Amino acid sequence: MQVNIEKIENIYIFSLEGNLDSNTSGDLEKKLIPAIDPNNTKFILDFSALHYISSAGLRVLLGAAKKLNQFGGKLILCSVKPDIKEVFEIAGLLPIFPIVDDPEAAAQKILQ
Amino acid sequence: MKTAIEITIKNRIPEIEHVCDAVAEFSRKHNVADKIIFTLHLAIDEILTNIISYGYSDPNEHIINICYSLQKDYLQLKIIDDSNPYDPAAAPEPDVEASLEDRKIGGLGIYLIKNMMDDIKYSSESGKNTLVLTKKCDYT
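Residues numbered from 1 in each chain as written. Chains lettered and ligands numbered in written order. Predicted model: local features only at pLDDT ≥ 70, side-chain atom pairs only at ≥ 80, totals over all residues. Heavy atoms only, no water.

## Some words on the nonpolar core
And then number 1: Counting residues in each nonpolar core, the largest one holds 41 residues, and the members touching the most others are A:Phe14, A:Phe47, A:Phe88 and A:Phe97.
And then number 2: Residue assignment for this core shows that the elements contributing at least two residues are strand E2 (11-20), helix H1 (25-35), strand E3 (42-53), helix H2 (55-70), strand E4 (74-78) and helix H3 (82-90) of chain A together with helix H2 (34-54) and helix H3 (108-116) of chain B.
And then number 3: Per-element tally for this core: the top contributor is H2(A), with 7 residues.
And then number 4: Excluding its chain neighbours within four sequence positions, the residues that come into contact with A:Phe97 are A:Leu61, A:Leu62, A:Ala65, A:Leu75, A:Leu77 and A:Phe88.
And then number 5: One finds B:Ile5, B:Ile66, B:Tyr68 and B:Leu70 within the second-largest nonpolar core, a separate group that totals 36 residues. (Core = buried A, V, L, I, M, F, W, Y, C linked by side-chain atoms within 4.5 Å. Buried < 20%, exposed > 50% of the residue type's maximum accessible area, 1.4 Å probe, protein only. Helix = DSSP H or I, 4+ residues; strand = E, 2+ residues; numbered from the N terminus. Contact = heavy atoms within 4.5 Å.)

Pasting the structure below:
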């Protein structure tokens, strides 16, 4: 899996490419969790090139959401493929992770 | 045309990908829908990750055998290993309605598979675990 990180003003955008599973989730964890601090609390995860997610990937995202919650931050997912969205739905994670159609909608939502 | 494949791996996380790739390639050849291939990927990944991460009391090399077969109107994954006996079908279900702060990730992988596959059967005999997962499927 590839993780591309961009920071536009005070918003971090992580674009994930490939499979987020037990083999690759550690890599995302190392990049995402330390990036969250009281001054960096707005995160967009772009899933347009993500093909697969397992519970190991969900674990990292939950960890990020919990850390962000401490600082009143936000994490928005965008461009999520239907199969991946179904995983979030079954796991009961849709109320925790807002999912929007594209990065523009994510940027709008995060600035609200 | 062949209707089953067998894959043998060692108990190492990076080997899981080979199983997923082989099952996906075989499925595509048999016109199995992408949505079902995604579900099979998840089932293989979650089960093998559990076995490899938590199943062994020693650090030694172990062999895991995976048989994937296409039956008339369903697909079957059979996973045979010599890890400690564990029935994932009997695992306690996580609370998927808990708030963020109370949310635990343990058991979520198995919960996903239980909801996405049609049947999971576990048996243990002479130190070997056999897990059979089935998914109903029409393919041509």
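Moving on from the model shown.
## Side note on H2(B)
And then number 1: In this model H2(B) runs 30 Å from its N-terminal to its C-terminal C-alpha over 21 residues, within 8% of the 30 Å that 1.5 Å per residue would give.
And then number 2: In terms of residue burial, H2(B) counts as a mostly covered element, since 16 of its 21 residues are buried. (Expected span 1.5 Å × (residues − 1).)

## Focus: the packing of H2(B) against H3(B)
Residue and element names in this part refer to chain B.
And then number 1: Two elements in contact, H2 and H3, have axes separated by 9 Å at closest approach and are oriented at 145°. Classified by chirality, the crossing of H3 by H2 is left-handed. In contact with Phe38, Thr39, Leu42, Ala43, Glu46, Ile47 and Asn50 of H2, H3 contributes Gly109, Ile110, Leu112, Ile113 and Met116. (Axes fitted to C-alpha atoms, helices over the stretch in contact; angles between N-to-C directions. Left-handed = near helix turned anticlockwise from the far one by under 90°.)

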